[in-house]
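# Secondary and tertiary structure notes
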Amino acid sequence: MSVSGQKTTEATPASSSLWRELAQLRHVREINVLAAMLIVGALISFYTPYFLTTNNLMGVFRAFSLTAIMSIGMVMVIITGGIDLSVGSAMGLASLVTALCFDAGYGTGFSIAAGLGVGVTFGLVNGLLITAIGLPPFIATLGTLSIGRGLMYMITHGVPVTPDTPEVFSVLGQGYVGPVPVPVVIMLVLMVVFALVMRRTRFGRHVYATGGNEHAARLSGVKTGRVKLAVYVLSSTIASLAGIIGFSRYLSAEPASGFGSELDVIAAAAIGGASLAGGVGSVTGAVIGAALVGVIANGVVLLNINTYAQQAITGGVILIAVSLDVLRSKLTGGNG
Amino acid sequence: MTPFLEMHGISKTFPGVKALNRVDLRLRPGEVHVLAGENGAGKSTLMKIMTGVYKADPGGVIRVDGQDTVIRDPVHARALGISIIYQELAVVNNMTVAENIYLAREPLTATGLIDRRRMNADARAVLAELDISIDPDTKVGSLSIGQKQMVEIARAISYSSRLIIMDEPTASLSHHEATVLTRMVRKLAAQNIGIVYISHRMDEIFEIADRITVLRDGETVDSRPASEMTRDLLVRKMVDRDLSQLFGEHLSHATDQVLMSVRGLGLKRPTAQGARVGDVSFELHKGEILGFFGLVGAGRTEVMEMIFGSRAHVGHIAIDGREVRIESPSDAIAQGIGFVTEDRKEQGLVLGMSVRENFSLTHLADYCRLDVVNRRREAEACRGYVRSLGIKTPSTEQKVLNLSGGNQQKVVIAKWVARRPRILIVDEPTRGIDIGAKAEVHALLNRLASEGMSIIVVSSDLPEILAISDRVVVLKEGRISGILGRHDATQERVMLAATG
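These numbers were taken from a predicted model, which means no experiment stands behind them. (Residues numbered from 1 in each chain as written. Chains lettered and ligands numbered in written order. Predicted model: local features only at pLDDT ≥ 70, side-chain atom pairs only at ≥ 80, totals over all residues. Heavy atoms only, no water.)

Turning to the overall build of chain A, a few remarks are in order. If you tally the helices and strands in chain A, you get 14 helices and two strands. Across the 336 residues in chain A, those meeting the buried criterion constitute 48%. Within chain A, contacts between residues at least 6 apart in sequence are counted, and of these 79% link residues at least 24 apart. Carbon and sulfur atoms make up 67% of the accessible area of chain A, which totals about 15500 Å². (Helix = DSSP H or I, 4+ residues; strand = E, 2+ residues; numbered from the N terminus. Buried < 20%, exposed > 50% of the residue type's maximum accessible area, 1.4 Å probe, protein only. Contact = heavy atoms within 4.5 Å. Areas by Shrake-Rupley, 256 points an atom, 1.4 Å probe, with all protein chains shown as cover.)

Okay, the overall build of chain B next. Check the secondary structure of chain B and you find 18 helices and 22 strands. Each of the three principal axes of chain B carries a C-alpha extent, and together these read 70 × 50 × 50 Å. Summed over its atoms, the accessible surface of chain B is roughly 21300 Å², and 48% of this surface lies on carbon and sulfur atoms. With 64 positive and 63 negative side-chain charges, chain B shows a separation of 3 Å between the mean positions of the two kinds. (Lys, Arg positive; Asp, Glu negative; His and termini not counted. Charge placed at Lys NZ, Arg CZ, Asp CG, Glu CD.)

Of the residues lining the interface, 31 residues belong to chain A; the matching set on chain B comes to 47 residues. Across the chain A/chain B interface, buried area totals approximately 3300 Å², and carbon plus sulfur atoms make up 54% of it. At the surface where chain A touches chain B, the tally comes to three salt bridges. Here Arg-205 of chain A and Glu-357 of chain B are joined by a salt bridge, their closest N and O atoms 3.9 Å apart. Linking chain A with chain B are nine residue pairs in polar contact (both at pLDDT 80 or more), by the criterion used here. At the level of elements, α8 (182-200), α9 (202-212) and α10 (214-219) of chain A are the ones that each hand at least two residues to the side of chain A that touches chain B. Element by element, the count of residues in the side of chain A that touches chain B is highest for α9 of chain A, at seven residues. Partitioning the side of chain A that touches chain B into residue classes produces nine nonpolar, 14 polar and eight charged. (Buried area = accessible area lost by both parts, 1.4 Å probe. Salt bridge = Lys/Arg side-chain N within 4 Å of Asp/Glu carboxyl O. Polar contact = N/O pair within 3.5 Å; in protein donor to acceptor, adjacent residues only side chain to side chain. Nonpolar A, V, L, I, M, F, W, Y, C, P; charged D, E, K, R; others polar.)

Summed over all chains, the structure comprises two cavities of 30 Å³ or more. Quantified by volume, the second largest cavity comes out at close to 30 Å³. Lining the second largest cavity are Ala-216, Leu-219 and Ser-220 of chain A together with Phe-339, Val-340, Thr-341, Gln-347, Gly-348, Val-412, Lys-415 and Trp-416 of chain B. Mapped by element, the contributors of at least two residues to the lining of the second largest cavity are α10 of chain A together with β16 (337-340), α12 (344-348) and α15 (405-417) of chain B. When residues of the lining of the second largest cavity are assigned to their parent elements, the largest contribution, three residues, is made by α15 of chain B. Partitioning the lining of the second largest cavity into residue classes produces six nonpolar, four polar and one charged. (1 Å grid on protein atoms, 1.4 Å probe; cavity = no way out; pocket = protein on both sides within 12 Å on 5 of 7 lines; lining within 4 Å. Points joined across faces, edges and corners; volume = space filled by probe spheres on them.)

Here we take up the packing of helix α7 (residues 167-174) of chain A against helix α11 (residues 224-250) of chain A. Residue and element names in this part refer to chain A. Where α7 contacts α11, the two axes come as close as 7 Å, and the packing angle between them is 110°. One way to sum up the angle between α7 and α11 is to call them roughly perpendicular. Regarding α7 and α11, the two cross each other, and that crossing is left-handed. Of α11, the residues touching α7 (which contributes Phe-169, Ser-170, Val-171, Leu-172, Gly-173 and Gln-174) are Ile-244, Ile-245, Phe-247, Ser-248 and Arg-249. Considering only residue class, the contact of α7 with α11 consists of six nonpolar, four polar and one charged. (Axes fitted to C-alpha atoms, helices over the stretch in contact; angles between N-to-C directions. Parallel < 35°, antiparallel > 145°, perpendicular 65-115°, else oblique. Left-handed = near helix turned anticlockwise from the far one by under 90°.)

The next subject is the pairing of strand β22 (residues 479-485) of chain B. All names here are of chain B. Where strand β21 (residues 471-476) lies against β22, six bridges are found, and the strand directions are antiparallel. What sits directly across from Val-473, in β22, is Ile-483. Linking β21 to β22, which pair antiparallel, is a turn of two residues; within it Glu-477 sits at a positive phi near 45°. (Pairing = 2+ DSSP bridges.)

Let us now look at unusual backbone geometry. Residues and elements named next belong to chain B. The phi dihedral of Asp-279 falls on the positive side, at around 60°, and the residue is not glycine. Mapping Asp-279 onto the fold places it in the loop between β11 (258-267) and β12 (280-285). Overall, the relative accessible area of 56% leaves Asp-279 in the exposed class. Notably, Leu-370 is not glycine yet its phi reads approximately 50°, a positive angle.

This part takes up the pairing of β21 of chain B. For strand β13 (residues 289-294) of chain B and β21 of chain B, the ladder comprises five bridges, and the chain directions are parallel. From the neighbouring strand, Gly-294 of chain B faces β21 of chain B, where its bridge partner is Leu-475 of chain B.

Here we come to the packing of aromatic side chains. Using the criterion set out here, one finds 11 aromatic pairs over all chains in the structure. Measuring from ring centre to ring centre gives 5.4 Å for Phe-46 of chain A and Tyr-47 of chain A, while their planes differ by 85°; the resulting arrangement is edge-to-face. The exposure classification of Phe-46 of chain A matches that of Tyr-47 of chain A, with both residues exposed. Seen from their ring centres, Phe-308 of chain B and Trp-416 of chain B are 5.9 Å apart, and the 85° between their planes marks the pair as edge-to-face. A residue pair is termed long-range when its members are at least 10 positions apart, and Phe-308 of chain B in helix α10 (residues 300-308) and Trp-416 of chain B in helix α15 qualify at 108 residues. By relative accessible area, which is 0% here, Phe-308 of chain B ends up buried. Under the relative-accessibility criterion, Trp-416 of chain B is labelled buried at 1%. Among the aromatic side chains, those forming a connected cluster through ring pairs are Phe-102, Phe-169 and Phe-247 of chain A. (Phe/Tyr/Trp six-rings, centres within 6.5 Å; stacked < 30°, edge-to-face > 60°.)

Here the focus is the packing of helix α12 (residues 261-271) of chain A against helix α13 (residues 283-302) of chain A. Helices that pack against each other are described as a pair by the angle of their axes relative to one another and the distance between those axes. Residues and elements named next belong to chain A. Between α12 and α13, the least distance of the axes is 7 Å, while the angle of their chain directions is 115°. The orientation of α12 with respect to α13, classified from their angle, is roughly perpendicular. At the point where α12 passes α13, the crossing takes the right-handed sense. Contacts between α12 and α13 pair Ala-268, Ala-269 and Ile-271 from the former with Gly-285, Ala-286, Gly-289, Ala-290, Leu-292 and Val-293 from the latter. Classifying every residue of the contact of α12 with α13 gives seven nonpolar, two polar and no charged.

Domains assigned within chain B are domain 1 (5-241) and domain 2 (258-499). Once you take the C-alpha centre of each, domain 1 of chain B and domain 2 of chain B turn out to be 31 Å apart. (Domains from an automatic or database assignment.)

Residues and elements named next belong to chain B. Within the open sheet, the four strands sit side by side as β12-β11-β14-β15. Their pairing is antiparallel. On the outer flanks of this sheet lie β12 and β15 (322-324), each paired with one strand and no other. Ignoring which end each strand starts from, the neighbouring axes of this sheet average 20° apart. In this sheet, β15 lies alongside strand β14 (residues 313-319) in antiparallel orientation, the contact comprising three bridges. Counterpart to Ile-317 in the pairing with β15 is Val-324. Its contacts with the sheet place α10 against β11, β12 and β14, and it is angled at close to 115° to β11.

Bringing a nonpolar patch on the surface into the picture now. Residues and elements named next belong to chain A. A cluster of nonpolar side chains, namely Phe-46, Tyr-47, Leu-303, Ile-305 and Ile-313, defines an oily patch on the protein surface of about 520 Å² accessible area. Mapped onto the secondary structure, Ile-305 falls in the loop between α13 and α14 (309-332). With a relative accessible area of 36%, Ile-305 lands in the partly exposed category. (Patch = residues over 30% accessible without salt bridge, like charges linked within 9 Å, V, L, I, M, F, W, Y side chains within 5 Å.)

Counting 82 residues, the largest nonpolar core has Ile-69, Ile-72, Val-75, Phe-194 and Val-283 of chain A as its most contacted members. When residues in this core are grouped by element, the largest group, 13 residues, is from helix α3 (residues 54-79) of chain A. Once residues lying within four places of it in the same chain are set aside, the contact partners of Val-283 of chain A are Ile-72, Val-75, Met-191, Phe-194, Ala-195 and Met-198 of chain A. If you look at the next biggest cluster of nonpolar residues, it comprises 66 residues, including Met-304, Val-411, Leu-444 and Val-473 of chain B. (Core = buried A, V, L, I, M, F, W, Y, C linked by side-chain atoms within 4.5 Å.)

Quick look at the structure:
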């Protein structure tokens, strides 16, 4: 008798009730964060009707879109069990290199490619330090973060670079598709693409397996080194794209651009359900996490709360969101 | 004598599963009480209730020294005199023996610093009392598994434990270490300490037990003095089947065709611990089941890891007469080799993933078009294996974390079998799984061999090796000390080659 010969047609019980389906949704992390965001939104709009105007909402979306874009790359790194602290530097250096290219008279295509090249370089250096040399991701990317910052000051001497750019380039950061800002469109496209990559492709499965149990994944034939290299390159490249979009919006590359943004990006991924231990997380969760932080930031402004409080509130949200997640998995897990 | 610990009508329900149903257990001082049962029978759950990890459902009664007691948590259990030694030992490798024994209750000097001298002296006294010859100042990481276990026993004794629960303590011990442990258990019992002993090894159970309690499907089905129990009866109680039904006839499917030949295989970089494996040469035939036997530390696993590319090697490996280069697991897999590793949790499974995702990890490309996974086909194939291997799981979407050990092992086997390797290496395929599942695994390996797969079985369970192998390769201190045909391979000869 052949083991693999028998295919089965046994279907799952067809009559699963709607209620069961809904109850299942409770376990989907993204739904929880989305619900939290809707509640926060409802509260804000209760106090100030301006919150729900198209104008304001689009502004909110555009404000968090760069963090959200970077969190898409970050969450893939985190799912492999790693971390990428250098995204802020990759972002800043990419915007600077793009600006310098324009300044030197290159065209839009070349300048953007050069900016993205910065990201690819960051990713390759991070990935090789981690996979070929075996540095812990925290250390490797901490190093490249610092190098990136140093380079930016060395290049700019602390003075912003403000080149002349063609009209078409500013579409990236300032344009609209209907009422929707272009950065938001890019964010949504990237979210859909990478959510599908992570859920539906072999690469995505290998990313989850590498973070879930690297040793077992390797022994199953997963080329875990290549998987890790790939996620770091993706993360840095996506971050550099965010840098280019940011430059396109203000048409000025600041020497301190992107500094500290790695923490917002990691926070978005964590709020969205990614576990720093690896193996767990989702692209949509990270984007929704960034959205939640963005909505809170907007609410703080609209409600005339001291803007310094915003950071503290964001910190509180991270702690509450992740604590709830940990408590929930304690309650549902652990039957043996 | 009044029981030290008495449990009446203990039930435990998890969402969707009744793990224990009105279990009774009476543990007397100085009694070695073996808890037997298949995996999933409820032994672990019962242990966890005894040590306060789980709370029993309302309705049951637990008495300690005749007093109704609620065991609140593991710390409380230890205060009551109940200690446990888990299969996965709970020692800190970077700390010394004494530091481990007195972890979290280090003796302090007047100034509040750790009184290292007193701690070492106390540890030495405890170790001496148990006749354990380990220096309290050595790092635990440098000890063997058997010695680490002794450190845990010393720790339990230093807590003045009156009941020590041991969960399959000999599962990863060599023959010699197991004998030492057995003597230690008898000695503890002689000091009026109660022992709960969980084991799947028949010889050991009958050697050590004063009383045997059998759990099946979460219920107590039998409890009697060991003197009134026989092997056949015990197996029947555990699995509700006869022994003769469990182990079928051995039919060889080996052919003359040499599939893989290994010449002069050895470690590229010798490991600090363990054998200097070298000069290993053997042939594997198509359809053959080749057993690999040796004592712990003989280098069996190292040989398999070299063939599978997860450990660097020197020497030559040829498949179908052509020399192949194997430098990573993916190289080996590309050559048609599969490896069911010894350690399911560390090496075999991604515990947080579902049965389906673990199953397909070795051959995901089979279900892909342009790298996109067709999950319907993947799940269908997985359900086929769940059915044919009898994997007990509510669905293919269940996380493997929630399966019992035997079922986890079957998932590991399924993920490799589904890849249809030409050579399947299985390292300790039945460790820690119960006798029923064991027989199923053996039958499966036989069936695969009959379909032309070549199989290498590594096991420290000698009866298993003899029952299943066409030929037996014996390793001793990193070298091959004998290759025996099925009819020459008796317990005595194999053991002699392994030790002599």
